[in-house]
Amino acid sequence: MAAANLTSQILRIPTPTSLSLSSKLPLSSVSLPLRTHPRRSVVVFVSADAKPTVLVAEKLGEAGLTLLKDFANVDCSYNLSPEELCTKISLCDALIVRSGTKVSREVFESSGGRLKVVGRAGVGIDNVDLAAATEHGCLVVNAPTANTVAAAEHGIALLASMARNVAQADASIKAGKWLRNKYVGVSLVGKTLAVLGFGKVGTEVARRAKGLGMNVIAHDPYAPADRARAIGVELVSFDDAIATADFISLHMPLTPATSKMLNDETFAKMKKGVRIVNVARGGVIDEDALVRALDSGIVAQAALDVFTVEPPAKDSKLVLHELVTATPHLGASTTEAQEGVAIEIAEAVVGALKGELAATAVNAPMVPSEVLTELKPFVILAEKLGRLAVQLVAGGSGVKSVKVTYASARAPDDLDTRLLRAMITKGLIEPISSVFVNLVNADFTAKQRGIRITEERVILDGSPENPLEFIQVQIANVESRFASAISDSGEVTVEGRVKDGVPHLTKVGSFEVDVSLEGSIILCSQVDQPGMIGKVGSILGEENVNVSFMSVGRIAPRKQAVMAIGVDEQPRKESLKRIGDIPAVEEFVFLKL
């Protein structure tokens, strides 16, 4: 699994007491051996006179079928009922579907253990039960890159047709009308397009919009500034993007952070008469709020290829709105893209059947259950430290350099950090992308995004039965949303331990804290003085926000301190503002786990 962008280093120190750790934080005796286990890949053993069988349940491009037929027996059976699929699946080693076939737990149970790979010809995997796939030792792969250009072209097509009222004028003239004055459009040249989400598709949309003479700005907290500059795009804040744009094109993944990102509050901040294009995910727009914005004139027009529920209801006010141009999720629907997806998924499925590690895997790999049981607390700790660290980054040039330090009494060859590193990578990347990260694709995904992860192992004296004292994650060369998270060495730093089987945050920047990594966390930088815990606790109590843990780390009495507060619910913005308004509080940040 080693990748070119991963390095490791070993330090040896005599005792744990020489570490920068608080003597007030006793360690639990967690017997969690991390010895190296043999790698287990998803493999189908094929005799010399037998080929694996691949069931293709939905139409696939001919080029993909040709690749499959060179390696396997291919059964193309379309429009199978759930019962028919469950009957056929016990005879198949791999299954390829698009979005129309539901691969449920019953399918995996009916396979009798023979099904080793499910290939989703496209990006979304909502129709595949990932948990059931993993439980049954089945790898799930998708085809995330082949439709990039097609999606960008459709975005530009919607942009231009919306600006010139093409769909409405077409319907009008076919109805026998000739309404030239009604369908006067607006020009694209010289207008400002805000691209929200500057990934692969967003970048391609920006390139094409520049060719149309548009001024292009973009918002993406984790996009490299140099990549944007290279095509003449300025990265700006979200508020600046929506406030100055004449057109907005959405290209972010649907995550908890982006769900209903465009809502009543954000529409109110936009320039009156803005026009919106969405070829990303329907859920990033509050559809009821968009109807209100169209009715009020804040949004002049919208062009939508995706919807929260697909297909949308026949009486949908949004779809039927005269100012809306709608298409039925056609972003990837070009002949070339369909062929590209077919080839990409066929190559992924064949590679998986050969036992190769798949870069497009979207579920956990096959790991012995006893290893997962032993690693579980540290796996959870690793992912949550990654999530905390990336949320502390302010954006700018993006995350590029990450150092992970493991303190352990184990010898280097007895400490297998692949899964821990993968989970840290998962925590770093998943909150700000639509990629599913696991042991199979973690290193590839980090390298693809230009993230260099180095690992350092601090060897402690002590019993190897207590294998891991702490994990520390440091992100270099970034600005922080919470200045106190910057350590003395200049990196965003978080550190954690497992205590009584529960992951704990034990350091932020240079401040030692002790808070359980359950629920969410509020970090406050403050002047250390009496009554601060009471003041903050009272505000949260008045708002009916339950506090699970509270810890204060400080430099010295009456000097700067950091308070870490574990909360079960997300406080309202007004509650957080009240905390920030406390005179002794210098800064604060809310972090979702």
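Since the model is a prediction, treat every value here as computed from it, not as a measurement. (Residues numbered from 1 in each chain as written. Predicted model: local features only at pLDDT ≥ 70, side-chain atom pairs only at ≥ 80, totals over all residues. Heavy atoms only, no water.)

Time to look at the overall build of the protein. Helices and strands together make up the secondary structure of the protein, namely 18 helices and 23 strands. In the protein, which comprises 593 residues, the share counted as buried stands at 53%. Within the protein, residue pairs in contact and separated by at least 24 positions form 69% of the contacts whose partners lie at least 6 positions apart. (Helix = DSSP H or I, 4+ residues; strand = E, 2+ residues; numbered from the N terminus. Buried < 20%, exposed > 50% of the residue type's maximum accessible area, 1.4 Å probe, protein only. Contact = heavy atoms within 4.5 Å.)

For the rest of this paragraph, the subject is the pattern of salt bridges. What the rule picks out here adds up to 19 salt bridges. With a shortest N-O distance of 3.8 Å, Glu430 and Arg387 are connected by a salt bridge. One end of the pair, Glu430, is in the loop between helix 15 (418-429) and helix 16 (442-448); the other, Arg387, is in helix 14 (residues 369-391), and 43 residues separate them in sequence. Per residue, the accessibility class of Glu430 equals that of Arg387, and both read buried. The partner of Glu430 in a salt bridge is Lys426, with the nearest N and O atoms 2.9 Å apart. When sorted by exposure, Glu430 lands in the same class as Lys426, which is buried. (Salt bridge = Lys/Arg side-chain N within 4 Å of Asp/Glu carboxyl O.)

A few words on the side chain of Glu344. Along the chain, Glu344 turns up in helix 13 (residues 335-353). The charged side chain of Glu344 is buried without a salt bridge, its nearest counter-charge being Lys200 at 7.1 Å. (Lys, Arg positive; Asp, Glu negative; His and termini not counted.)

On to the sheet that holds strand 13 (residues 324-326). Spatial strand order, 9-8-7-10-11-12-13: 7 strands in an open sheet with parallel pairing. Pairing within the sheet leaves two strands with one partner each, and these edge strands are strand 9 (234-235) and strand 13. Examined bridge by bridge, strand 11 (residues 274-278) and strand 12 (residues 299-304) share 5 bridges and lie parallel to one another. The residue of strand 12 that forms the bridge with Ile276 is Ala302. Across the sheet, helix 7 (residues 200-211) touches strand 7 (192-196), strand 8 (215-219) and strand 10 (247-250), and the angle it forms with strand 7 is around 170°. In the packing of helix 11 (residues 287-296) onto the sheet, contacts are made with strand 12 and strand 13, and the angle to strand 12 comes to roughly 140°. (Pairing = 2+ DSSP bridges. Axes fitted to C-alpha atoms, helices over the stretch in contact; angles between N-to-C directions.)

Next up on the list: the pairing of strand 16 (residues 468-476). Counting buried residues in strand 16 gives 9 out of 9 residues, a clear majority hidden from the surface. Bridge analysis of strand 14 (residues 401-408) against strand 16 gives 8 bridges, and the strand direction is antiparallel. Residue Lys403 lies in a different strand from strand 16, and its bridge partner there is Gln474. As judged from the 5 bridges shared by strand 16 and strand 17 (residues 492-499), these two strands associate in the antiparallel manner. Residue pairing across strands places Ile475 opposite Val492, the latter belonging to strand 17.

Another point: the sheet that holds strand 21 (residues 547-554). Pairing is antiparallel in the open sheet, where 4 strands are placed in the order 21-22-20-23. A strand with exactly one partner marks an edge of an open sheet, and here the two such strands are strand 21 and strand 23 (585-592). Strand-to-strand twist across the sheet, computed as the mean angle between neighbouring axes with direction ignored, equals 15°. With 7 bridges connecting them, strand 20 (residues 520-527) and strand 23 associate as antiparallel partners. Looking across to strand 23, one finds that Gln526 is bridged to Val585. Docked against the sheet, helix 17 (residues 532-542) engages strand 20, strand 21, strand 22 (560-567) and strand 23, running at close to 30° with respect to strand 22. Together, strand 20 and strand 23 form the strand contacts of helix 18 (residues 573-580), whose direction differs from that of strand 23 by roughly 150°.

This next bit is on the environment of Ala411. Its place among the elements puts Ala411 in the loop between strand 14 and helix 15. Residue Ala411 is classed as partly exposed on the basis of its relative accessible area, which comes to 34%. C-alpha of Ala411 to C-alpha of Arg457: the two residues are 46 residues apart in sequence and 9.5 Å apart in space.

For the bond running from Glu310 to Pro311, omega is -5°, close enough to zero to count as cis. Along the chain, Pro311 falls in the loop between strand 12 and helix 12 (317-320). Of note, the phi angle at Lys260 is positive, near 50°, even though the residue is not glycine. Tracing the sequence through the fold places Lys260 in the loop between strand 10 and helix 10 (264-268). The exposure class of Lys260 is partly exposed, given its relative accessible area of 47%.

Take Ser111: it is sitting in the loop between helix 3 (105-110) and strand 5 (117-120). With relative accessibility at 4%, the residue Ser111 sits in the buried group. Beyond its immediate chain neighbours, meaning those up to four positions away, Ser111 contacts Ile89 and Ser90.

Another aspect to go through is helix 7. Spanning 12 residues, helix 7 covers 17 Å between terminal C-alpha atoms, matching the ideal 16 Å at 1.5 Å per step. All of the buried residues along helix 7 are Gly202, Thr203, Glu204, Val205, Ala206 and Ala209. At its buried positions, helix 7 is contacted by helix 5 (148-163), strand 7, strand 8, helix 8 (225-230) and strand 10. The positive-phi residue at the C-terminal boundary of helix 7 is Gly213, with phi of around 85°. (Expected span 1.5 Å × (residues − 1).)

It is worth spelling out the packing of helix 5 against helix 7 at this point. Viewed as axis vectors pointing N to C, helix 5 and helix 7 meet at an angle of 50°, and their least axial separation amounts to 8 Å. In this view, helix 5 runs oblique relative to helix 7, as classed from their interaxial angle. When you trace helix 5 past helix 7, the crossing you get is right-handed. Residue-level contacts link Thr148, Val149, Ala151, Ala152, Glu153 and Ile156 of helix 5 to Lys200, Val201, Glu204, Val205, Arg208 and Ala209 of helix 7. (Parallel < 35°, antiparallel > 145°, perpendicular 65-115°, else oblique. Left-handed = near helix turned anticlockwise from the far one by under 90°.)

With 87% of its residues at a pLDDT of 70 or more, the protein shows a mean pLDDT of 84. A low-confidence stretch, residues 1-49 (pLDDT under 50), is modelled with 124 contacts involving residues beyond four sequence positions or located in other chains. (pLDDT = per-residue confidence, 0-100.)

Packing of helix 17 against helix 18 leaves a shortest axis separation of 10 Å and a crossing angle of 165°. On the basis of the axis angle, helix 17 is roughly antiparallel to helix 18. Where helix 17 crosses over helix 18, the two elements pack in a sense that is right-handed. Touching Val536, Ile539, Leu540 and Glu542 of helix 17 are Ser575, Arg578 and Ile579, all from helix 18.

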